[in-house]
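Here are the chains, one letter per residue:
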Amino acid sequence: MDISIFNELEQGTQEWLEARAGLPTASEIACLLVDGKGREDKLGAGAITYAYQVAAEVILGRALGAVFENEHTRRGHELEQEWIDNYAFMNDCEVDIVGFVRRNDIGLGYSPDGLVGEDGCTEVKSPEPAKMIRFLLDESFPKDYRPQCLAALLTTGRDWIDLIIGAEGLPLCVRRLSRTDEGVQEELEKLEERVKSFNILVADIVAQVRAKGLSALEEPIAIAAE
């Protein structure tokens, strides 16, 4: 595996957005797992729409997203750090905060909420209280967050990810997804194939646009499939 870890990047900044530009990322990965019809690569409509966005970032040489923050998002970030600290205390471990991880050999990015030792990582979620209660009562790994956590394992090469779920006034909920869990290795293999197919599609879109002489960049973003 060829993995780059960007320790100094702060998530949510313009620099962080630029590091993600031109790559499929874990937060958007669910659409790649939806089977499409009539295509050899099995990519669905959502993945194709996403491919046009990533291709546009490659051609324009910049991120298309925008940094957004208000009082609620700031409060959310504060709570997430509190929950990470509680998790670290309960598990007697250190959680290293990094900005971005890139899997160079397949072209995939992930912004972890923390790396744990050499083997683990964490992802923090803050759902609405009613949804949080459902997670507390159901001991299985939440389906809502499974694609992103699978992508986290695929990007980082780590053995497990702890999903830390919190809501104000309710107990913290932690669920672990491990490579050794039943079916996970097969899911990772499927996801890796879909990522490769997605990046081939992005490269094809970019090539078609450049063939029409529509690229204005002298030094465009490198394409993950190249």
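These numbers were taken from a predicted model, which means no experiment stands behind them.

Trainee: How would you sum up the sheet that holds strand β5 (residues 114–116)? Please name residues and give values.
Mentor: If you trace the five strands from one edge of the open sheet to the other, you get β2-β5-β6-β7-β8, paired in mixed fashion. Strand pairing shows two members of the sheet lacking a second neighbour, β2 (95–96) and β8 (173–178), which therefore form its edges. Note: strand β7 (residues 160–165) against β8, six bridges, orientation antiparallel. Considered in β8, the bridge of Ile 161 is made with Leu 177. Relative to β7, helix α5 (residues 146–156) is tilted by about 140°, and along the sheet it contacts β6 (120–125), β7 and β8.

Trainee: Residues and numbers for the sheet that holds strand β4 (residues 108–110), please.
Mentor: Strand order across the open sheet formed by three strands is β1-β3-β4, with antiparallel pairing between neighbours. What marks the edges here is a single partner per strand, and that holds for β1 (3–6) and β4. Averaged over all adjacent pairs, the angle separating strand axes in this sheet is 15°, with direction ignored. Across three bridges, the pairing between strand β3 (residues 100–103) and β4 is antiparallel.

Trainee: Any chance you could break down the nonpolar core for me, citing the residues and the numbers?
Mentor: Leu 32, Ile 161, Leu 177 and Val 202 are the most contacted members of the largest nonpolar core, which has 44 residues in total. Where this core is concerned, the elements lending two or more residues are α2 (45–60), β4, α4 (129–137), α5, β7, β8 and α6 (184–211). The residues contacting Leu 32, other than those within four sequence positions of it, are Leu 43, Ala 47, Tyr 50, Arg 194, Val 195 and Phe 198. Of all hydrophobic cores here, the second largest spans ten residues; its members include Trp 83, Ala 88, Val 116 and Val 124.

Trainee: Any details on α2? Residues and values, ideally.
Mentor: Between its first and last C-alpha, α2 extends 23 Å over 16 residues, near the 22 Å set by a 1.5 Å rise per residue. Burial in α2 covers these residues: Ala 47, Tyr 50, Ala 51, Val 54, Ala 55, Glu 57, Val 58 and Ile 59. Buried residues in α2 make contact with α1 (14–20) and α6. Note on α2: the residue one or two positions beyond its end, Gly 61, has a positive phi of about 75°.

Conventions adopted
Residues numbered from 1 in each chain as written. Predicted model: local features only at pLDDT ≥ 70, side-chain atom pairs only at ≥ 80, totals over all residues. Heavy atoms only, no water. Pairing = 2+ DSSP bridges. Helix = DSSP H or I, 4+ residues; strand = E, 2+ residues; numbered from the N terminus. Contact = heavy atoms within 4.5 Å. Axes fitted to C-alpha atoms, helices over the stretch in contact; angles between N-to-C directions. Core = buried A, V, L, I, M, F, W, Y, C linked by side-chain atoms within 4.5 Å. Buried < 20%, exposed > 50% of the residue type's maximum accessible area, 1.4 Å probe, protein only. Expected span 1.5 Å × (residues − 1).

Functional significance is not addressed by these values, which are geometric in nature.
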